[in-house]
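Here is how the chains run, residue by residue.
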Amino acid sequence: YGTSGTNEKGHLTIGGVDTIELAKEYGTPLYIYDIALIRERAKGFKETFEKLGVTSQVAYASKAFSSIAMIQVIEEEGLSLDVVSGGELYTAIQAGFDPERIHFHGNNKSKEEINMALDYGIGCFVVDNFHELEILSEACRSKNIPASILLRVTPGIEAHTHDYILTGQEDSKFGFDLQNGQAEEALKLALAKNELKVLGLHCHIGSQIFETTGFKKAAEKMIEKLAVWKQNYDFTSQVLNLGGGFGIRYTKEDTPIAPSEYVKDIISEVKTLMKNASLSMPEIWIEPGRSLVGDAGTTLYTVGSSKVVPDIRKYLAVDGGMSDNIRPALYDARYEAAIANRPEADCEETVAVAGKCCESGDMLIWDLPIAKAQPGDVLAVFCTGAYGYAMANNYNRITRPAVVFVENGAAALVIKRESYEDLVRHDLPLYAHK
Ligand code: LLP
């Protein structure tokens, strides 16, 4: 994966840094990000659009992993940013990200969040529903500030992925239904509001998608409507935002295509569809999250106890689990892993990697072929960069791990490990301490 390798000590290295040294210095569980790989992915998306001669914005979906340092890397790479909450927006602003290139998502933005975004002067609101259209327009009028918007539509597409991460189907909490007239109604309302500038349409059909059919079908459905709306309302979509969702390889079973291939294939279809509809080519925006940071992340754990259930399996427990990576418990997500202090040792057995939370579902990997691991060995779980730290939690009052960025042989701590003091920081006693 990325810049990982093995050094003269036989230890796993990432970005030219010995992971065992990192585990010693920062403790485990530890998230490590290979920054060179994130830059490569970012450039890959941008250059593909440039080569195709298509005006674009590649917005990093910061829900996949947001932190000040992460946003700084995205800023350096010249990407735009998708935020979905006041907290993600605040993080972006704290990182010094250009507000003009921030797109604000969410199906229930509060008035406070909308005011905050208007005050920062963000580039675009992705309006999800009628309520938002009203409260955004009120906020704009009272501040006398205009807002650029995209209308999020659900095109009625079923992408092939886990049900919980599907979003483009008709029965979804997100967006205006494209087929039943809702989206058209929203467009009419928005066009009648002087304070709102409708840049175009947005859709996101789901996540961890391996083929382009769904994206192309969604584009087709949107372009069909755009042709009608051009006739009826003289509306021209300057922007078509096709969302994120490009799948990555977590294990050998996953067979994604290269990020640039997704883009090339989708764009060529959009060009044809626009031409056939006699419409001019809009700017294409995309919002990759997982495909920018997923395989750049690795989690290090220290191996502790084990238990053999005769004739069934051997459980090997590590010092983290669903508190730092809930994806296996939530989505049945699969990962590969290796012993970081001897990654090249031959596999001797198959184990089930368990976490340390008080819950049977707290498993990281159900069947990992691995060398015989001892307490104190360091286990590296790969491809944990997206929705890993981002979904970490304090279940069992376990502290969230630290995060380290590595690049060109150097490591930088970018999120400190939580302390026990952090855990009780917002607790207030009911009685004075005796
Ligand atoms: N744009 C929108 C509007 C989205 O809702 C999402 C993801 C993205 C972009 C980025 O999708 P990506 O490129 O990362 O697939 N927690 C789940 C994934 C939830 C995705 C939510 N929306 C997981 O761990 O798989």
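Predicted model, so just to flag it, every value in this text is computed and none were measured.

J.: Account for the sheet that holds strand S1 (residues 5-6), with residues named and values stated.
T.: Judged by pairing direction, the sheet is antiparallel, and its three strands sit side by side in the order S1-S2-S3 without closing on themselves. The sheet is open, and its two edges are formed by S1 and strand S3 (17-18), each paired on a single side. Two elements, S1 and strand S2 (residues 12-14), share two bridges in a ladder whose sense is antiparallel. Looking across to S2, one finds that Thr6 is bridged to Leu12.

J.: Pulling in residues and values, what's your account of the packing of helix H5 (residues 111-120) against helix H6 (residues 130-143)?
T.: Running from amino to carboxyl end, H5 crosses H6 at an angle of 45°, the nearest separation of the two axes being 10 Å. On the basis of their axis angle, the class for H5 and H6 is oblique. Here H5 and H6 pass one another in a crossing that is right-handed. Residue-level contacts link Lys111, Ile114, Asn115 and Leu118 of H5 to Ile135, Leu136, Ala139, Cys140 and Lys143 of H6. Of the residues assigned to the contact of H5 with H6, the class counts are six nonpolar, one polar and two charged.

J.: Pulling in residues and values, what's your account of the environment of His11?
T.: Tracing the chain through its elements places His11 in the loop between S1 and S2. The class for His11 is buried, based on 21 C-beta atoms found within 10 Å. For the pair His11 and Ile71, spaced 60 residues apart in sequence, the C-alpha separation works out to 30 Å.

J.: Now, about the nonpolar core: what can you tell me, with residues and values included?
T.: In terms of nonpolar packing, the biggest core is built from 120 residues, with Leu151 and Leu379 touching the most fellow members. Counting the residues that make up this core, at least three belong to each of domain 1 (5-34 + 294-424) and domain 2 (36-289). Residue contacts for Leu151: discarding those within four places in its chain leaves Val127, Phe176, Ala183, Ala186, Leu187, Ala190, Val198, Leu201 and His202.

J.: Describe in detail H6, supporting the description with residues and values.
T.: Over its 14 residues, H6 runs 20 Å from end to end, which matches the ideal 20 Å to within 8%, given 1.5 Å per residue. Taken as a whole, H6 has its buried residues at Glu132, Leu133, Leu136, Ser137 and Cys140. An end-on view of H6 places all buried positions within 125° of arc, on one side of the element. Those residues of H6 that are exposed and aimed more than 90 degrees away from the buried face are His131, Glu134 and Ser142. Where the residues of H6 are buried, they touch H5, strand S8 (124-127), strand S9 (147-154), helix H7 (182-191) and strand S11 (196-202).

J.: Run through the site of the ligand, naming residues and quoting values.
T.: The environment of the ligand is formed by 22 residues, the closest being Ala61, Ser207, Gly244, Gly289 and Tyr387. Of all elements in the fold, only helix H10 (290-293) and helix H11 (327-331) reach the threshold of two or more residues within the shell around the ligand. Residue composition of the shell around the ligand, by class: eight nonpolar, ten polar and four charged. Residue assignment places the shell around the ligand across two domains, with domain 1 (5-34 + 294-424) and domain 2 (36-289) each supplying three or more.

J.: Could you give an account of the UniProt feature "modified residue: N6-(pyridoxal phosphate)lysine" (unreviewed entry) in the chain, naming the residues involved and the relevant values?
T.: Taking the UniProt record as the reference, the feature "modified residue: N6-(pyridoxal phosphate)lysine" (unreviewed entry) is found at Lys63. Tracing the backbone shows Lys63 in the loop between strand S5 (56-61) and helix H3 (68-76).

J.: I'd like to hear about the UniProt feature "active site" (unreviewed entry) in the chain, residue by residue, with values.
T.: Per the UniProt annotation, the sites labelled "active site" (unreviewed entry) are Cys358. Here Cys358 shows up in the loop between strand S17 (349-354) and strand S18 (363-370). Taking the number of C-beta atoms within 10 Å as the measure of exposure, Cys358 has 8 and is therefore exposed.

Cut-offs applied
- Positions within a chain are numbered from 1, following the residues in the order the chain's sequence is written.
- Since the coordinates come from a predicted model, pLDDT governs what is reported: local features require at least 70, and pairs of side-chain atoms require 80 or more to be given and counted, while whole-chain, interface and lining totals use all residues.
- One bridge is not enough; two strands pair if DSSP finds at least two bridges between them.
- Helix and strand definitions here come from DSSP, where helices need a minimum of 4 consecutive H or I residues and strands a minimum of 2 consecutive E residues; each element is numbered from the N-terminal end.
- All axes here are fitted lines through C-alpha atoms, helices being fitted over the stretch that makes contact, and every angle between N-to-C directions spans 0 to 180 degrees.
- Orientation is classified from the angle alone, with under 35 degrees giving roughly parallel, over 145 giving roughly antiparallel, 65 to 115 giving roughly perpendicular, and any other angle giving oblique.
- For a crossing to be left-handed, the near helix must be turned anticlockwise from the far one by less than a right angle; the clockwise case is right-handed.
- Two residues qualify as a contact pair if the distance between their C-beta atoms, derived from the backbone, is within 7 Å.
- Only Asp, Glu, Lys and Arg are considered charged, only Ala, Val, Leu, Ile, Met, Phe, Trp, Tyr, Cys and Pro nonpolar, and every remaining residue, Gly among them, polar.
- To sort residues by exposure, count the other C-beta atoms lying within 10 Å of each residue's C-beta; 20 or more gives buried, 12 or fewer gives exposed, and values between give partly exposed, all with C-beta atoms placed from the backbone.
- The term nonpolar core refers to a set of buried Ala, Val, Leu, Ile, Met, Phe, Trp, Tyr and Cys residues connected through C-beta atoms within 7 Å.
- An automatic or database domain assignment is the source of the domain bounds shown.
- Working rule for helices: expected span equals 1.5 Å times residues minus one.
- Within this analysis, the arc is defined by the directions that extend from the helix axis to the C-beta atoms.
- By definition, a residue lies near a molecule or strand provided its backbone-derived C-beta atom is within 6 Å of it.
- UniProt positions are given in the numbering used here, feature names are shortened, and annotations may be inferred rather than shown by experiment.

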